[in-house]
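Here is what each chain is made of, one letter per residue.
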Amino acid sequence: MQLTNRSKQVSNKEMTMAEKMYLPSIVQGLAITIKHFFMKKPTIQYPEVKRYLGPVFRGHHVLKRDEQGRERCTACGLCAVACPAEAISMVAAERKKGEENLYREEKYAAVYEINMLRCIFCGLCEEACPKQAVYLRHDRMVPVFLERDDIVYGKDKLVERLDDRYVRMNSEVKATPTEPSLTKAAT
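Criteria and cut-off values
- Residues numbered from 1 in each chain as written.
- Predicted model: local features only at pLDDT ≥ 70, side-chain atom pairs only at ≥ 80, totals over all residues.
- Heavy atoms only, no water.
- Phe/Tyr/Trp six-rings, centres within 6.5 Å; stacked < 30°, edge-to-face > 60°.
- Buried < 20%, exposed > 50% of the residue type's maximum accessible area, 1.4 Å probe, protein only.
- Lys NZ or Arg CZ within 6 Å of the ring centre and 35° of its normal.
- UniProt positions renumbered as here; feature names shortened; annotations may be inferred.
- Helix = DSSP H or I, 4+ residues; strand = E, 2+ residues; numbered from the N terminus.
- Contact = heavy atoms within 4.5 Å.
- Salt bridge = Lys/Arg side-chain N within 4 Å of Asp/Glu carboxyl O.
- Core = buried A, V, L, I, M, F, W, Y, C linked by side-chain atoms within 4.5 Å.

Can you lay out the packing of aromatic side chains for me, pointing to particular residues and giving the numbers?
What describes a pair of aromatic rings is the distance from one ring centre to the other and the angle between the planes of the rings. Under the definition given, this model contains four aromatic pairs. Aromatic pair Phe37 and Phe38: ring centres 5.2 Å apart, planes at 85 degrees, arrangement edge-to-face. Overall, Phe37 belongs to the exposed group, its relative accessible area being 60%. Taken together, a centroid distance of 3.7 Å and an interplanar angle of 10 degrees make the contact between Tyr103 and Tyr108 stacked. The cationic tip of Lys64 hangs over the ring face of Tyr135; the distance from NZ or CZ to the ring centre is 5.9 Å.

Hey, could you go over the UniProt feature "binding site: [4Fe-4S] cluster 1" (unreviewed entry) in the protein chain for me, with residue numbers and the actual values?
UniProt feature "binding site: [4Fe-4S] cluster 1" (unreviewed entry): in the numbering of this structure it lies at Cys73, Cys76, Cys79 and Cys129. The greatest C-alpha distance among the annotated residues, which extend across 57 residues, is 10.3 Å, indicating that they converge on a single site. Among the structural elements, Cys73 can be located in the loop between β1 (61-63) and α3 (78-82). Residue Cys73 is classed as buried on the basis of its relative accessible area of 12%. For Cys73, the contacting residues outside a window of four places in its chain are Lys107, Tyr108, Ala109, Tyr112 and Ala133. With respect to the element layout, Cys129 can be found in the loop between α4 (124-128) and β4 (134-136). For Cys129, a relative accessible area of 15% puts it in the buried group.

Any chance you could break down the pattern of salt bridges for me, citing the residues and the numbers?
Under the counting rule described, the total for this entry stands at 12 salt bridges. One salt bridge in this structure joins Lys157 and Asp150, with 3.9 Å as the shortest N-O distance. A salt bridge links Arg161 to Asp163; the shortest N-O distance between them is 3.2 Å. Under the relative-accessibility criterion, Asp163 is labelled exposed at 65%. Each member of the salt-bridge network shares a partner with another, and the members are Arg137, Asp139, Arg140, Arg161, Asp163 and Asp164.

Just give me the short version of the nonpolar core, but keep the residues and values in it.
One finds Leu63, Ile88, Tyr112, Ile114, Cys125 and Leu158 to be the most contacted residues of the largest nonpolar core, which totals 21 residues. For this core, the leading source of residues is strand β3 (residues 107-115), giving three residues. If near-sequence neighbours (up to four positions away) are discounted, Ile114 is found in contact with His61, Ala87, Ile88, Cys119, Ile151, Val152, Tyr153 and Leu158.

Structure (structure tokens):
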């Protein structure tokens with residue numbers, strides 16, 4: 001009675017002298033080593049040459065500004081609720097007269113902080129934001145922390161500088177009425 005149809009017939013033939021000395025295996029191993037010796041090396045010289053991170057990489061956080069330079073964040077708290085690591089905290093405040101050129105809506109985030117030790121870079125804060133104010137840059141990594149005070153990012157490190165505007169160059173991202181800078185004409 002046969003239990004499986006995948007059985008193989010094993011032969012106990014006598015090994016030759018070369019096979020007993022493992023010469024074919026040694027030659028085969030040396031051939032692989034020599035082949036890898038002449039292949040292109042995958043190592044990059046990091047400080048001088050930087051690797052392309054790709055369009056889906058989620059790196060440094062940024063709080064976007066609109067075309068007039070006003071902050072988009074309205075302190076709705078959806079990003080903090082969506083964050084599974086509870087890394088985002090914010091304090092909302094009302095806009096005062098004369099601050100129309102600083103904040104887009106009547107309510108804004110007076111304090112917006114991200115604890116970078118807790119952040120897992122999942123991108124859920126980016127997806128939850130209705131005003132498209134939170135982005136995770138795909139072209140910049142988070143720098144190494146040297147001091148304990150550098151761990152919590154406040155608005156001073158998160159708000160987008162006007163001389164370093166971030167525009168996502170991903171063809172899969174669709175433009176919305178609140179984000180005209182993502183259209184192909186603007187890029």
